[in-house]
Every structure is written in C-alpha cells, then in structure tokens.
Amino acid sequence: MTDRPRGPGGRIWARATLGRNLTGTGAGLLAAWFNVPFVVLMAALGAVFGGLAGVVSGTIAGQGVLSRLDALLTWVFPLPVKAEQLLPTAAAQVGGIVGGILGAVHGGGKLAWMAAVWPWEALAVGDPTWPWAVAVGQVVTALVVGVLYLVWTVATEGVRLRIAGARRLSRREVAWLGPIVAEVAARLELRALPRLLVDDRREPNASAYVRHVVINYGLLEQLDYDRDQVAAVLAHELAHWRAGDTVAMAWARGVALPLYLLYELADRLLRLSTSRPVHFIVRTLFWAVIVTVRYVVIPVQARLWRQAEYRADAVAAAAGYGHGLRAALGYLRQSFDGDRSGWDRAILSTHPPNELRLERLEDHGGRPYPLREDHPLVRALPGWSDRSTVEKGW
C-alpha cells in the first residue's frame, strides 16, 4: 500500500488508449461524431412511413392477385364458388403484410442511406476534399475530447471516490490488509501500487480505477475475511490496474463523450421520475441516442471488458491465487455487475457469468473446479452424497 496514488505507467497508458480496444474506440467515435443517432432516427421514420405505404399498396395488389387467381381457376378448374367468395379478405391481408414488411425495409434503408451519405455528397459538391477534411477534423476532435476526459477522470478520481463513499483504511484495516497487498504486489512483480480504499457499503464488490482500488466492506464480510479469497480478489483488481483496463475504459468513453452525456441524461431522467408522461417524452426525444448506445456502442465495448475479466482472472491464477479466486467466485455465485436480466445480462454486462469464469479457472489437467457442498450442482453430480466427490471437484 502507498499513501501516494499511482497510475500503471506511461507505456501502459499509451497501449490502453491507442494500442488496445480499437474496436470499442472506433464504435464510440463513429456513433458520437458521425451522426449515427441521426441515421438511426431517419431509418426508423423511413420504416414507419414505408411500412404504411407498403400496407396500402400490398393490400391493393393482393386484391388484384385474387382476381387473377379467380380467373385462372375458372379457366383451368372451374369451381362452383368463386375464389373471391372463398377468400374474401385473405389475399388482401397477406398482400398488406408482405407489402408492409417490404415497404418498411425499403423505406428504412433508403432514408438511412440518405442521412448517412447526403451530407458528405453535399460537401463534395463544393470541393471534393471537404468530406475528407471534415472527417479528419471529427476524428481529431474525438481524440482531443478523449484525452481531456481521461485527464479529468484521473485528476478528479480521488475526490469523486470520496464523494461516492470510499474512505481511507483504518489502522486495524491497514494491519490486516497491508501484508496481503504487499504479498500480492510481490507475486505480480509490481513496482508501484495504487491507493487502496474501503467502501462501507454492504454490496459485495471490488473495483480498480486508474490510481485507486476500492474494496467494499460487504465483500470482506461475505468472504468472512478469508485471507486467500480476499488476496485473490485483490490480485484480480491489481491485474486490471496493471494492464490499464480502467484507462482503456475511460478512454473509450471519452471519445464518445457527447453521446454518453445525452444517454446518461436520459437514463437519469428515467430513473428519477415515476411519471409516465415524463418517460414517454424522454424516450421520444432521446430514442435514437438510447438505441445507438444500448444496441451499438455498449455491446461492442462490453464484449471487450468481459475479455479483460478473463485475463485478470488468468493473471491472478498464474500468481498462485487460483484456488482463492475459485472459492470467492463460487461463494458469491453472481457477477459483480449485480442483478440483471435479458439484454443487460447477455449483452451489456461488463462481467462474464461467474460460472463461465469458474470454468476458465479449471486446472490445465482437466480437473473441474471444486464445488462447495451447498452448491446446487453438487446434487446433480453422480455420487454427490460421497464427500470425497465434492472435495475432489467431481
């Protein structure tokens, strides 16, 4: 532990911002600075109006097809009842459905293409080099904003963490956690350390930041102050810190800052208000931004954060904390993201499911990770009543 907070180093900063997470950075940059929300909005409008037009034209076409079918059946195989009497509305309904689908696809694609291409074509009319100059200017602006946001994040990190509830360690906490952190740092061969803070919240969590690592009191309590498990969690977080994962995350957010600010505004309004009219207005005004962030930007970036979790687990295991990490993950059973469901759990979660993390931590020899006796899977395993089966992990 150290009284002076430290970052992971300049080389790590450069690699985390420019050499890693290019996919997430590119997705955020394009979405925030190249009018992707506007393209999404125009695609939705085109789909609505195109679908309505397709329903009308498809219905009319369906009635025409039915008339031709009736004439064909009368010539080939005369029926005592006309086809129009057998299917008075089916053809019109089918034609309307097919026409609506085709019209929505065509209308959405056409307006999306117009919104994406026409501004650049208009610039090219004045001078063919203008679109390139504007594109380069947008990229440079995004990178500058990303740098400024990263600087602001680092400069205000300590203050923001204190406001959020993190505090320094007491003497008793230093006496207990200090040797653990020193041992973890030695195994990871760390020349510098971030400042360790404690949050008194009962939520079991631990987080790495650019210059700090915060461990919640609830995590210590749920792990029953088990030294091996706490050391494994700290090794995992220090692996994040050493790799500059938090720097990469702040950088990816910074280059898409305008988009994230609008998204955060909409999200906070939706969370703070219980009024349905307010929700309707917010969702209508910010619909394109919400869709772009939740279904384009975050899914790309969250996939990379989940990969970073696997890497941090592997580093902690290689340092000799595999058993403690398996025990901690097996006990907590849930991802540190908290309770999520549906799209959030599958796509937006920054942490993989704990069961998959445990699977990655299996011994190279093929030995499954050990399960506790009260784990639900134990009862499903053959010979679960045999205590030796549980202890061996089979």
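Computed from a predicted model, the values in this text were never measured in an experiment.

Asker: Mind laying out the overall build of the protein chain, listing which residues take part and the relevant values?
Answerer: Regarding its fold elements, the protein chain presents 18 helices and 4 strands. Relative to its full complement of 394 residues, the protein chain shows a buried share of 42%. Counting contacts in the protein chain only where the partners sit at least 6 residues apart, residues at least 24 apart contribute 73% of the total. In the structure as shown, the protein chain presents an accessible area of about 22300 Å², 64% of it carried by carbon and sulfur atoms.

Asker: Any details on the confidence of the model for the protein chain? Residues and values, ideally.
Answerer: Caution applies to low-pLDDT parts of the model: their predicted coordinates are not meant to be read in detail. Predicted confidence across the protein chain gives a mean pLDDT of 81, with 76% of residues reaching 70 or more. This stretch, residues 68-87, has a pLDDT under 50; its non-local contacts, to residues over four places away or in other chains, come to 13 contacts. Below pLDDT 50 for its whole length, residues 387-394 participates in 18 contacts with residues either more than four positions away or in separate chains.

Asker: Please provide a residue-by-residue account of the pairing of strand E2 (residues 195-199), values included.
Answerer: The element E2 is largely enclosed, with a buried count of 4 among its 5 residues. Pairing of strand E1 (residues 166-167) with E2, which is carried by 2 bridges, proceeds in the antiparallel orientation. By the bridge assignment for E2, Ala166 is matched with Asp199. Here E2 runs beside strand E4 (residues 212-216); their pairing, made up of 5 bridges, is parallel. Bridge pairing in E4 links Arg195 to His212.

Asker: With reference to specific residues and values, describe the sheet that holds strand E3 (residues 206-208).
Answerer: Pairing in this open sheet of 4 strands is mixed, and the strands run E1-E2-E4-E3 from one edge to the other. In this open sheet, the two edge strands, each paired with only one partner strand, are E1 and E3.

Asker: I'd like a rundown of the pattern of salt bridges, residues and numbers included.
Answerer: Scanning all chains against the criterion turns up 11 salt bridges. With a shortest N-O distance of 2.9 Å, Asp199 and Arg201 are connected by a salt bridge. Judged by its relative accessible area of 4%, Asp199 falls in the buried class. For Arg201, a relative accessible area of 44% translates into the label partly exposed. Among the salt bridges present, the one from Arg357 reaches Glu309, with a minimum N-O distance of 3.9 Å. Taken together, the positions of Arg357 in helix H16 (residues 354-360) and Glu309 in helix H14 (residues 287-332) put the pair 48 residues apart, joining distant regions of the chain. It is possible to trace a salt-bridge network through shared partners that takes in Arg167, Glu173 and Asp200.

Asker: I'd like a rundown of the side chain of Glu157, residues and numbers included.
Answerer: Positionally, Glu157 belongs in helix H7 (residues 157-164). At a separation of 2.8 Å, a polar atom in the side chain of Glu157 contacts the main-chain amide nitrogen of Arg211. If near-sequence neighbours (up to four positions away) are discounted, Glu157 is found in contact with Tyr209, Val210, Arg211 and His212.

Basis of the calculations
- Residues numbered from 1 in each chain as written.
- Predicted model: local features only at pLDDT ≥ 70, side-chain atom pairs only at ≥ 80, totals over all residues.
- Heavy atoms only, no water.
- Helix = DSSP H or I, 4+ residues; strand = E, 2+ residues; numbered from the N terminus.
- Buried < 20%, exposed > 50% of the residue type's maximum accessible area, 1.4 Å probe, protein only.
- Contact = heavy atoms within 4.5 Å.
- Areas by Shrake-Rupley, 256 points an atom, 1.4 Å probe, with all protein chains shown as cover.
- pLDDT = per-residue confidence, 0-100.
- Pairing = 2+ DSSP bridges.
- Salt bridge = Lys/Arg side-chain N within 4 Å of Asp/Glu carboxyl O.
- Polar contact = N/O pair within 3.5 Å; in protein donor to acceptor, adjacent residues only side chain to side chain.

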